[in-house]
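Residue-level structure breakdown
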Amino acid sequence: NSKFIPTKNFFKGYRGLSGDLLSIESKNKDITISAYGTYFLNSEEVNGLEDIENIKESFKKDNLDYNEFIKKYYNGNLPAKIDPLKFAYNKELFINSNKLAYNTIGKDFYVLSYIEGNKIHYKKVIFNKDKKYYVIFDASYLEKDKKIIDSIVNEMVKSFKIIK
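Here goes a summary of the coordinates provided. Owing to the predicted nature of the structure, the values given are computational and were not obtained by experimental measurement. All chains use their own residue numbering, which begins from 1 and follows the written sequence. The model is predicted, so local features are restricted to residues of pLDDT at least 70 and side-chain atom pairs to those at 80 or more, both for listing and for counting; the totals for chains, interfaces and linings are taken over all residues. For side-chain calculations, the full set of non-hydrogen atoms in the structure is used, while hydrogens and water are omitted.

1. Overview of the overall build of the protein
- Strands are runs of DSSP state E lasting at least two residues, helices are runs of H or I lasting at least four, and both sets are numbered from the N terminus onward. Per the secondary structure count, the protein includes 5 helices and 7 strands.
- For the protein, the sequential pattern of α-helices and β-strands runs β-β-β-α-α-α-α-β-β-β-β-α.
- The buried label goes to any residue with under 20% of its type's maximum accessible area, the exposed label to any with over 50%, and the partly exposed label to all in between, with areas taken from a 1.4 Å probe on protein chains only. With 164 residues in all, the protein has 40% of them scored as buried.
- Each accessible area is a Shrake-Rupley estimate made with a 1.4 Å probe; only the visible protein chains count as cover when residues are assessed. A total accessible area of about 10,300 Å² is found for the protein, and carbon and sulfur atoms account for 50% of it.

If you want it as structure tokens, here you go:
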């Protein structure tokens, strides 16, 4: 029902097999918008953020410099109690730092947008502290579609929230 979608058949939608994903994409697959839930944002959280060796090994597998990450985002010293939302946000900043267009973090959410190749990527993550899960809104689209899709994404993300 959006006034911003150019034609009735612009998107087609589907959902994940487990029912925790809803995704729409343009017919030519240049534009993808997804919303889903998860209990973990990354492999480090799955295996335990209290295990520094696990984090180091994960960074090594991802070809990321653990020491540089810790120096840049934790002043050289990873705290004993790591906030998983902030850790995931910092890791995404670290990976995409030279491509970032926008980023912000709050007490229970973060948003970032970056450009990779000719695609814009937008992501909003909200953490439900009571139930300990995340909901994620993710969009990617070509820069040439920015004018149309920014309006659609803005409209959708305004309604994206955890219903308690």
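On we go from here.
2. Structural notes on unusual backbone geometry
- Although it is not a glycine, Asn63 adopts a positive phi angle of roughly 60 degrees.
- Topologically, Asn63 is positioned in the loop between helix H2 (52-61) and helix H3 (66-74).
- Asn63 sits in the exposed class, given a relative accessible area of 72%.
- Positive phi outside glycine occurs at Asn75, with the angle close to 50 degrees.
- On the basis of relative accessibility, which here comes to 75%, the residue Asn75 falls in the exposed class.

3. Some points on the environment of Tyr134
- Within the secondary structure, Tyr134 sits in strand S7 (residues 133-142).
- Each C-alpha atom of the pair Tyr134 and Phe40 lies 7.3 Å from the other, and the pair is 94 residues apart in sequence.
- Any two residues whose heavy atoms approach within 4.5 Å at even a single point are treated as in contact. Ignoring sequence-local partners within four residues, the contact set of Tyr134 consists of Tyr36, Gly37, Thr38, Tyr39, Phe40, Leu41, Glu45, Pro84, Leu85, Val125, Ile126 and Phe127.

4. Considerations on helix H4 (residues 84-96)
- Here H4 is 13 residues long and its end C-alpha atoms lie 18 Å apart, about the 18 Å a rise of 1.5 Å per residue gives.
- The element H4 is extensively covered by neighbouring structure, given that 10 of its 13 residues are classed as buried.
- For H4, the full list of buried residues reads Leu85, Phe87, Ala88, Tyr89, Asn90, Lys91, Glu92, Leu93, Phe94 and Asn96.
- N or O atoms closer than or at 3.5 Å make up a polar contact, with two conditions inside protein: a donor-capable atom paired with an acceptor-capable one, and, for residues adjacent in sequence, both atoms drawn from side chains. The N-cap of H4, judged by a side-chain oxygen 2.9 Å from the amide nitrogen of Leu85 a few residues on, is Asp83. Residue count minus one, scaled by 1.5 Å, sets the expected span of a helix.

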